[in-house]
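Examining the three-dimensional arrangement
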Amino acid sequence: MSIVMMGELGFEKFNFRKLGEKIGSNESSIYRYFENKHKLLLYLTSWYWGWMEYQLVFATHNILEPTEKLTKAIYMITREITEDSNFSHINEVLLNQIVINEYSKSYLTKEVDEEDKEGYFASYKRLARRLSEMIKQFNPNYKYPSSLASTILGGALHQHFLKDHFSSMTECGGEVTPTEYLTNLVFNVLNQNFNG
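These numbers were taken from a predicted model, which means no experiment stands behind them. (Residues numbered from 1 in each chain as written. Predicted model: local features only at pLDDT ≥ 70, side-chain atom pairs only at ≥ 80, totals over all residues. Heavy atoms only, no water.)

**Remarks on the side chain of Ser132**
Looking at the secondary structure, you find Ser132 in helix α8 (residues 122-138). Each residue touching Ser132, except ones within four places of it in the same chain, is listed here: Pro145, Ser146 and Ala149. (Helix = DSSP H or I, 4+ residues; strand = E, 2+ residues; numbered from the N terminus. Contact = heavy atoms within 4.5 Å.)

**A few points about helix α9 (residues 145-165)**
In this model α9 runs 30 Å from its N-terminal to its C-terminal C-alpha over 21 residues, within 8% of the 30 Å that 1.5 Å per residue would give. Of all the bends in α9, the greatest, near 25°, is centred on Gly155. All of the buried residues along α9 are Pro145, Leu148, Ala149, Ile152, Leu153, Gly155, Ala156, Leu157, Gln159, His160, Leu162 and Lys163. Turning to α9, the residues buried within the fold contact α4 (37-60), α5 (66-78), α6 (92-107), α8 and α10 (178-192). (Expected span 1.5 Å × (residues − 1). Bend = angle between axes of the 7 residues up to and from the residue. Buried < 20%, exposed > 50% of the residue type's maximum accessible area, 1.4 Å probe, protein only.)

**Comments concerning the nonpolar core**
Core analysis: the biggest nonpolar cluster contains 48 residues, and Trp49 and Leu70 have the highest contact counts within it. Not counting chain neighbours up to four residues away, the residues in contact with Leu70 comprise Leu131, Met134, Ile135, Phe138, Val186, Phe187 and Leu190. (Core = buried A, V, L, I, M, F, W, Y, C linked by side-chain atoms within 4.5 Å.)

**A look at the packing of aromatic side chains**
The geometry of an aromatic ring pair comes down to the distance between the two centres and the angle between the two planes. Taken as a whole, this structure holds 14 aromatic pairs when the rule is applied. Ring geometry for Tyr48 versus Trp51: centroids 6.1 Å apart, planes at 45°, classification tilted. Of this pair, Tyr48 and Trp51 both sit in helix α4, separated by three residues, roughly a single helical turn. With a relative accessible area of 2%, Tyr48 lands in the buried category. (Phe/Tyr/Trp six-rings, centres within 6.5 Å; stacked < 30°, edge-to-face > 60°.)

Below is the structure:
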């Protein structure tokens, strides 16, 4: 229910009082599980990145050829999310929209370093490392695989946000997808730098 409400209201208007009313529980019972709505957002986004990592590993596990593997990885990270019947208790489509619209609010805080030490961003960082390794497999001479991996992860969210809210700032939408744009960007960069 928290995913549905946060998706409908947005992070700023969502609160535990409203959630409690919706689920027929008092607000204080929700605080037993989550200290505040920021911690709930951290939990939801951590689950999302863990699910994305699972999807990436499953989709690329048997692919040995580096170009095909990296292409598939970029697709998995940048695609339009559809409902995953393996996880009926979570609406991945709504959660994806929350991550697109609200993820930066989970880490653009003064507490980010402490929360990172506590492991809140472990699944996000693991996903970035996996992607970085695929970039290195494709082009071992490329000097910035971690930066490019984080650019893909953040860029995917940003391009989906732009196409939905600031369409004049992107070619994505209609004919061009974030997948097409980021695949083009990544392989142009990696091929230009193939020889170091």
